[in-house]
Every structure is written in C-alpha cells, then in structure tokens.
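The lines below spell out each chain.
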Amino acid sequence: MAEFVFDHIHLRTPDVEATAQWYERMFGARVLRSVQQGQPRVDLELGGQKIFLAPVAADGGTADPPSAPYQGLEHFGLRVTGLDAVVAELKAKGAEFTLEPMSPRPGIRIAFLRGPQNVSIELLERGV
C-alpha cells in the first residue's frame, strides 16, 4: 500500500491577511509569504503543518461557513501541555471558546474555540 503523509490544510477566507494575523497571534503560526503565478500568496505553518490560505472569490460562488456540528471535516485538533493556562492565555487574546476545558474520558482534557470563518479548533492535552 502507498504511504500517505499529511501535506496541508486548505482554508478559504474573505480576508487572507486578517486570518493569517489571527493564527499568528493566537497560536504563534509562522506566516509564509510568496508569489505564485504573479499573485501574492499567504500561507501558514502551525505545529509542523502547512495551512494554505485562499481568498474567497468576490463573485459569491463560495458558500458561507457551516455551523458545527455538521457532516464532514468538523474540526482540527492541536495538542498542548497545560490546557488551562493555554485557554487563559488565548482568552486574554480575545479567543472565543465554544467548549470550556473538560475531560470526556480519563487521560484527556479538551476545549474548543472558534477560528475565523467559523473553523472549529480543538485543544487537547493527553495523559492528564
């Protein structure tokens, strides 16, 4: 069987700069700027993962973001250490949490926050 390795996450946004700044401010994502086919491009690197940011076309051909829960890819998770301190730090930066820290089962604590375009982001701490 072929080997499969994650390459990127692709986010569409009406404001590429604002989205990049949000991920940089909240999570320390590295903003990567380049030019492709003569057009400026902004991508991110977060936790070793590439996040491609694509502008929403002005023609209205892109659907609005869904509200969770919904079918399909619902969220992405970021592993952290010291979940309560991380949540406090993100709240101080203005993050909106949709689920406060809790333990769904022994050995794991989670919290969820809302990112730009209603992206649901899970923070999880294992081994607690």
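Predicted, not measured: the structure shown is a model, and the values here were computed from it.

Colleague: Could you give me a rundown of the overall build of the chain, with the residues and numbers involved?
Modeller: Check the secondary structure of the chain and you find two helices and eight strands. Each helix (α) and strand (β) of the chain, taken in turn from the N terminus, gives the series β-α-β-β-β-β-α-β-β-β. C-alpha extents for the chain along the principal axes are approximately 50 × 40 × 30 Å. Counting every position in the chain, which comprises 128 residues, the buried fraction comes to 33%. Nonlocal contacts in the chain, meaning residues at least 24 apart in sequence, comprise 50% of its contacts between residues at least 6 apart.

Colleague: Tell me about the pattern of salt bridges, residues and numbers included.
Modeller: Under the criterion given, the structure shown has eight salt bridges. Put simply, K50 and D7 hold a salt bridge, and the shortest N to O gap is 3.8 Å. One end of the pair, K50, is in strand 4 (residues 49–55); the other, D7, is in the segment before strand 1 (8–13), with 43 residues separating them in the sequence. Since its relative accessible area comes to 37%, K50 is described here as partly exposed. D7 sits in the partly exposed class, given a relative accessible area of 41%. Salt-bridge contacts for E96 lead to R114; the nearest nitrogen and oxygen are separated by 3.2 Å. Residue E96 is located in strand 6 (residues 96–105), and its partner R114 is located in strand 7 (residues 108–114); the two are separated by 18 residues in the primary sequence.

Colleague: Outline helix 1 (residues 16–27), supporting the account with residue identities and numerical values.
Modeller: In this model, helix 1 (twelve residues) spans 16 Å end to end at C-alpha, consistent with the 16 Å of a helix rising 1.5 Å per residue. What helix 1 keeps buried is the set V16, T19, A20, W22, Y23, M26 and F27. Along the long axis of helix 1, the arc covered by the buried residues comes to 160°, so they all point the same way. Once helix 1 finishes, G28 follows within two positions and takes phi at roughly 75°, a positive value.

Colleague: Account for the environment of E45, with residues named and values stated.
Modeller: Inspection of the secondary structure puts E45 in strand 3 (residues 39–46). Overall, E45 belongs to the partly exposed group, its relative accessible area being 32%. In this structure, the C-alpha to C-alpha distance between E45 and H10, residues 35 residues apart in sequence, is 12 Å. If near-sequence neighbours (up to four positions away) are discounted, E45 is found in contact with A29, R30 and L32.

Cut-offs used in this document
- Residues numbered from 1 in each chain as written.
- Predicted model: local features only at pLDDT ≥ 70, side-chain atom pairs only at ≥ 80, totals over all residues.
- Heavy atoms only, no water.
- Helix = DSSP H or I, 4+ residues; strand = E, 2+ residues; numbered from the N terminus.
- Buried < 20%, exposed > 50% of the residue type's maximum accessible area, 1.4 Å probe, protein only.
- Contact = heavy atoms within 4.5 Å.
- Salt bridge = Lys/Arg side-chain N within 4 Å of Asp/Glu carboxyl O.
- Expected span 1.5 Å × (residues − 1).
- Arc of directions from axis to C-beta.

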